[in-house]
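Survey of secondary and tertiary structure
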Amino acid sequence: IKQKKRHMGDTKHFCPVSLKENFVLYPGLQEHAAKYKEKIYYFSTSEYRDEFLKNPEEYVAHNEPLQAPPLRVFLLGVHGAGKTTCAREITDKLGIFHIQFEEYLQELILPKTKRKVGPFFDEDHEDDNKILEELEDFSQTITITETEKTKQEVELTDEERAIKANLMDNKELPPEVLDKIVPDWWKKEPFRSTGFILDGFPRTLDEASYLSERGLCPDVAIYIQVEEGDILNRLFPPRLKKWKEKQLKKKEYKKKLKELKAKIRV
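I will try to describe carefully the structure that is included in this document. Quantities reported herein were computed from a predicted structural model and do not represent experimental measurements.

A few words now on the overall build of the chain. Each helix and strand in the chain was counted, giving 13 helices and six strands. Of all 266 residues assigned to the chain, the portion counted as buried reaches 33%. Long-range contacts, defined here as pairs at least 24 residues apart, represent 67% of the contacts in the chain between residues at least 6 apart. Roughly 17,700 Å² of accessible area belongs to the chain as shown, and the carbon and sulfur atoms make up 52% of that amount.

With five bridges connecting them, strand 1 (residues 29-36) and strand 2 (residues 39-43) associate as antiparallel partners. From the neighbouring strand, Lys35 faces strand 2, where its bridge partner is Ile40. Connecting strand 1 to the antiparallel partner strand 2 that follows it, the hairpin turn spans two residues, and Lys37 within it adopts a positive phi of roughly 50°.

Moving on: the sheet that holds strand 6 (residues 220-223). As summarised here, the arrangement of the four strands in space is 4-5-3-6, forming an open sheet in which the pairing is parallel. Each end of this open sheet is capped by a strand with a single partner; those strands are strand 4 (97-100) and strand 6. Ignoring strand direction, the axes of neighbouring strands in this sheet form an average angle of 20°. Direction of pairing for strand 3 (residues 72-76) relative to strand 6: parallel, over a ladder of four bridges. Paired with Leu75 across the two strands is Ile222, which belongs to strand 6. Contacting strand 4 and strand 5 (196-199), helix 5 (residues 101-113) crosses the sheet at an angle of about 75° to strand 4.

What follows deals with helix 5. With 13 residues, helix 5 should cover 18 Å at 1.5 Å per step; its first-to-last C-alpha distance of 18 Å lies within 8% of that length. Residue Glu107 marks the point of greatest curvature in helix 5, where the axis turns by about 35°; the proline Pro111 follows within four residues. Every buried residue of helix 5 is accounted for by Phe101, Leu105, Gln106, Ile109 and Thr113. The N-capping residue of helix 5, defined by a side-chain oxygen 3.1 Å from the backbone nitrogen of Glu102, is Gln100. Backbone geometry just after helix 5 places Lys114 at a positive phi near 70°.

The next subject is the environment of Ala81. Structurally, the position occupied by Ala81 is in the loop between strand 3 and helix 4 (83-94). When its relative accessible area of 5% is taken as the criterion, Ala81 is described as buried. In contact with Ala81, other than residues within four places in its own chain, are Ile224, Val226 and Arg234.

Positionally, Asp199 belongs in strand 5. For Asp199, which is buried and forms no salt bridge, the nearest opposite charge comes from Lys83, at a distance of 4.7 Å. In this structure the side chain of Asp199 is engaged in a polar contact, spanning 2.7 Å, whose partner is the side chain of Thr84. Only 3.3 Å separates the side chain of Asp199 from the side chain of His98, close enough to count as a polar contact. Leave out the neighbours within four places in its chain, and Asp199 touches Leu75, Lys83, Thr84, Ala87, His98, Ile99, Gln100 and Phe101.

Calculation rules
Residues numbered from 1 in each chain as written. Predicted model: local features only at pLDDT ≥ 70, side-chain atom pairs only at ≥ 80, totals over all residues. Heavy atoms only, no water. Helix = DSSP H or I, 4+ residues; strand = E, 2+ residues; numbered from the N terminus. Buried < 20%, exposed > 50% of the residue type's maximum accessible area, 1.4 Å probe, protein only. Contact = heavy atoms within 4.5 Å. Areas by Shrake-Rupley, 256 points an atom, 1.4 Å probe, with all protein chains shown as cover. Pairing = 2+ DSSP bridges. Axes fitted to C-alpha atoms, helices over the stretch in contact; angles between N-to-C directions. Expected span 1.5 Å × (residues − 1). Bend = angle between axes of the 7 residues up to and from the residue. Polar contact = N/O pair within 3.5 Å; in protein donor to acceptor, adjacent residues only side chain to side chain. Lys, Arg positive; Asp, Glu negative; His and termini not counted. Salt bridge = Lys/Arg side-chain N within 4 Å of Asp/Glu carboxyl O.

Here it is, written out as structure tokens:
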């Protein structure tokens with residue numbers, strides 16, 4: 001066994017081409033092995049083995065050891081499991097990026113939508129619009145309201161429409177849209193050299209298959225399992241607080257509306 005280890009290549013049982021091209025430690029297979037300078041290298045695919053044999057010196061260590069990729073972590077779990085809270089603590093300790101998938105999608109379309117979209121956000125926005133419309137009917141000073149601005153149609157691209165559908169109705173993003181978002185975390189700076197913890201993706205088997213097919217592998221995937229009662233205790237108080245704040249806001253608007261009506265009668 002010791003002799004076999006001494007004769008393994010610089011990347012041991014990981015594919016050197018995956019490391020060089022994608023900066024990913026991807027396990028190689030014995031059936032895709034090749035020998036170079038008395039060392040055995042394993043490759044994830046036969047195509048990568050052939051690519052290595054064309055120019056081996058491009059993929060082996062020279063004056064110093066090959067650099068290993070940074071830590072990439074997937075943090076999975078149901079809504080309310082505490083993924084984001086845990087992710088923030090981990091990123092602070094490890095010095096890597098925290099990518100909250102849904103928040104990342106929101107930021108991509110925010111320049112067009114001007115506000116966050118989704119059932120949780122739209123409920124509040126619709127209530128505000130109704131009250132603003134009532135205030136507008138009785139106010140002589142309001143010329144252009146936020147309600148009118150939001151009614152104007154915003155021209156979204158196909159990609160932005162797919163992202164909005166995902167946030168609004170939880171529709172899966174097609175691969176061509178994911179291709180413009182996800183691979184950058186492995187291949188582009190500053191994520192490529194720093195590493196990240198990805199919170200909330202993948203969520204479905206299709207999304208996991210997408211990552212596997214493109215060789216976008218994490219170093220570790222953590223699933224947070226929480227009892228339903230604990231999730232309820234965690235989510236209900238802030239939701240109740242928000243509901244109370246909304247009721248108070250409605251009460252204030254109604255008071256203002258009453259005052260405006262009284263001025264008009266005078």
